[in-house]
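Single-letter residue listing:
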Amino acid sequence: MKIIVLAAGYATRLYPLTLNHPKPLLPIGGRPLLDRVLESLAGVGADQTYVVTNAKFAPHFRAWAATRPDVAVIDDGTTSDENKFGAIGDIAFVLEQAEIDDDLVVVAGDNLFSDDLWAFGDFCREREAPVLAVYDVGDLAQMSKYNSIETDDEGRITYFEEKPAAATSTLTGIALYFYPRHVLPLIAQYIAEGNNPDQPGRLIQWLYPRTDVYTWRVPGTWYDIGSAETLREADEAFSQS
């Protein structure tokens, strides 16, 4: 199993903190955010991690990864929001550049978890199908920032809408995904068809009518580090742990 960490964004909402420093390397409780993300995923059984980033921040990630032999940094060569590949575009780029032919976990580099996610790996291996991690945000007013999903009794997605205008549930899919080896060609197909290469949830929206996509509930607390407020909240929580 391989892991791809999505870290090619510019995090403009956190300027000036992220003007010259990548968001996934900001300190949370005294340690880089990305350290904590990968620590949560340590038990899923991956043997290699690829961090995909942009030309501006590649040197930062290479310095961070210098003592981590199981981490490879891949520079997508982009330089701004105007020419970025988008999250799904970056997944396809890494699959091609690293010639990945293995089960794959994809996680956004700014998704922080309070708990260990080893059970995610077990669940994914049992299903041998795509899996979307889900979380109850507990507030319908927040749902327009995320996505809305419905599932059947076995946890298969039956409905998915990115950034819903009128969500009826507070359960949302987050940027933690599993794609088994046999599904990887569909990612290339998605890009080849000219679909939107940004927002990784759009791949799930396209995928679930074509193949079974299951859901897995994230334990503990999930932090979406997208604002100074959530950054402070996470920093305080992990400083106390």
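Cut-offs and rules
Residues numbered from 1 in each chain as written. Predicted model: local features only at pLDDT ≥ 70, side-chain atom pairs only at ≥ 80, totals over all residues. Heavy atoms only, no water. Salt bridge = Lys/Arg side-chain N within 4 Å of Asp/Glu carboxyl O. Buried < 20%, exposed > 50% of the residue type's maximum accessible area, 1.4 Å probe, protein only. Helix = DSSP H or I, 4+ residues; strand = E, 2+ residues; numbered from the N terminus. Arc of directions from axis to C-beta. Contact = heavy atoms within 4.5 Å. Pairing = 2+ DSSP bridges. Core = buried A, V, L, I, M, F, W, Y, C linked by side-chain atoms within 4.5 Å.

1. Overview of the pattern of salt bridges
Line of reasoning, step 1. Under the criterion given, the structure shown has 13 salt bridges.
Line of reasoning, step 2. For the salt bridge of Asp152 with Arg156, the shortest nitrogen-to-oxygen distance reads 3.0 Å.
Line of reasoning, step 3. Overall, the relative accessible area of 26% leaves Asp152 in the partly exposed class.
Line of reasoning, step 4. Taken together, the salt bridges that share partners define one network made up of Lys2, Asp47, Asp101, Asp102 and Arg181.

2. Brief notes about unusual backbone geometry
Both trends apply: most residues other than glycine have a negative phi, and most peptide bonds are in trans.
Line of reasoning, step 1. Here the bond from Tyr15 into Pro16 is cis, since omega is 10°, no more than 30 degrees from zero.
Line of reasoning, step 2. Examined against the element boundaries, Pro16 turns out to sit in the loop between β1 (2-6) and β2 (27-28).
Line of reasoning, step 3. The residue Glu99 is not glycine, and still its phi comes out positive at about 50°.
Line of reasoning, step 4. Classification of Glu99 as exposed rests on a relative accessible area of 68%.

3. Topic: helix α5 (residues 184-192)
Structural remark: α-helix, 3.6 residues per turn; residues separated by three or four positions point the same way.
Line of reasoning, step 1. Within the span of α5, buried status applies to Leu184, Ile187 and Tyr190. Burial along α5 is one-sided: seen end-on, the buried residues are contained in an arc of 105°. Across α5 from its buried face, at more than 90 degrees, point the exposed residues Pro185 and Ala192.
Line of reasoning, step 2. Summarising the contacts, the buried residues of α5 are in contact with α3 (87-97), β6 (104-108), β11 (171-179) and α6 (201-207).
Line of reasoning, step 3. Once α5 ends, the next one or two residues include Gly194, with phi positive near 85°.

4. Details of the pairing of β11
Line of reasoning, step 1. By the criterion of burial, β11 is predominantly enclosed, with nine of the nine residues buried.
Line of reasoning, step 2. Pairing analysis gives four bridges linking β6 to β11, with the strands arranged antiparallel. Among the inter-strand pairings, Val107 is bridged to a residue of β11, identified as Leu176.
Line of reasoning, step 3. Inspection of the sheet shows strand β8 (residues 131-136) paired to β11 by five bridges, in the antiparallel sense. Paired with Val134 across the two strands is Gly173, which belongs to β11.

5. Some words on the nonpolar core
Line of reasoning, step 1. The biggest cluster of nonpolar side chains holds 47 residues, and the ones touching the most others in it are Leu34, Phe120 and Leu176.
Line of reasoning, step 2. Among the elements that make up this core, the one with the highest residue count is helix α1 (residues 33-40) (four residues).
Line of reasoning, step 3. Here Leu176 is in contact with Leu41, Val105, Val106, Val107, Phe113, Leu117, Phe120, Val131, Leu132 and Ala133, once residues within four sequence places are set aside.
Line of reasoning, step 4. Grouped together as the second largest cluster of nonpolar side chains are 35 residues, Ile4, Ala87, Leu184 and Tyr190 included.

6. Details of the pairing of strand β4 (residues 48-53)
Line of reasoning, step 1. Most of β4 sits out of view: six of its six residues are buried.
Line of reasoning, step 2. On β4, burial covers both faces: Gln48, Tyr50 and Val52 on one face and Thr49, Val51 and Thr53 on the other are all buried.
Line of reasoning, step 3. As defined by bridge partners, β1 adjoins β4 across five bridges and the pair is classed as parallel. By the bridge assignment, Val5 is partnered in β4 with Val51.

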